[in-house]
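The residues making up each chain are set out below.
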Amino acid sequence: MTGGISIKKRVPVKVRLRTVISQDGQQEQFNFQEVGEFIELNGKHYLRYQEHQNGQVTPVQFRLDEEEVHLHRQGATETRLVFDRERPTISRYQTEYGALTLRVVTSQLERQVDPLAPAGRLVAAYQLRAGDQLIGSYRLELQFTA
């Protein structure tokens, strides 16, 4: 195969996601159970699924690297976040009014992936900041199994 793209594995998985959002003294919790796929591509691990909420379908992808985790959500707004325990990362959040530059400060990042099963777990606690302003505190807990 030319082009260097090599999908080693693509397996259907069940995804459970719990997200807790704390903003302006208010707390919201969302729970999702979706069907997705675990993909091993060029030595990297991806989890893809579609989130169904309020009649909207949002494609979601996690790239589960050793030192950091990348989250890409593509819906009415596009979100690309990078979680790294060692350092804050800069992300762009695309809204209908334009792009915002956000700083992602990750306080907890636990990642366990068994590519043979495939199964895994991810816990990320983080804050989003715009300049010196705290946008919100977030905690996501993700589990997937074949």
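Residues numbered from 1 in each chain as written. Predicted model: local features only at pLDDT ≥ 70, side-chain atom pairs only at ≥ 80, totals over all residues. Heavy atoms only, no water.

Trainee: In this structure, what is going on with the nonpolar core? I would like to understand it.
Mentor: Across soluble globular proteins, nonpolar side chains have a tendency to be buried as a group. Membership of the largest hydrophobic core comes to 26 residues, with the highest contact counts inside it found for Phe-62, Phe-83, Tyr-126, Leu-140 and Leu-142. Dropping the residues within four chain positions of it, Tyr-126 is found in contact with Leu-81, Phe-83, Val-104, Val-105, Thr-106, Ser-107, Gly-136, Ser-137, Tyr-138 and Leu-140. (Core = buried A, V, L, I, M, F, W, Y, C linked by side-chain atoms within 4.5 Å. Buried < 20%, exposed > 50% of the residue type's maximum accessible area, 1.4 Å probe, protein only. Contact = heavy atoms within 4.5 Å.)

Trainee: Would you explain the environment of Glu-34 in this entry?
Mentor: When you line up the elements, Glu-34 lands in strand β2 (residues 26–41). In this structure Glu-34 comes out as buried when scored by relative accessible area, which is 12%. Distance from Glu-34 to Asp-65, taken between C-alpha atoms, is 22 Å for residues 31 residues apart in sequence. With near-sequence residues (within four places) excluded, Glu-34 lies in contact with Val-13, Lys-14, Val-15, Tyr-49, Gln-50, Glu-51 and His-52. A polar contact of 2.9 Å, which involves the side chain of Glu-34, links it to the side chain of His-52. (Helix = DSSP H or I, 4+ residues; strand = E, 2+ residues; numbered from the N terminus. Polar contact = N/O pair within 3.5 Å; in protein donor to acceptor, adjacent residues only side chain to side chain.)

Function cannot be read off these values alone, since they describe shape.
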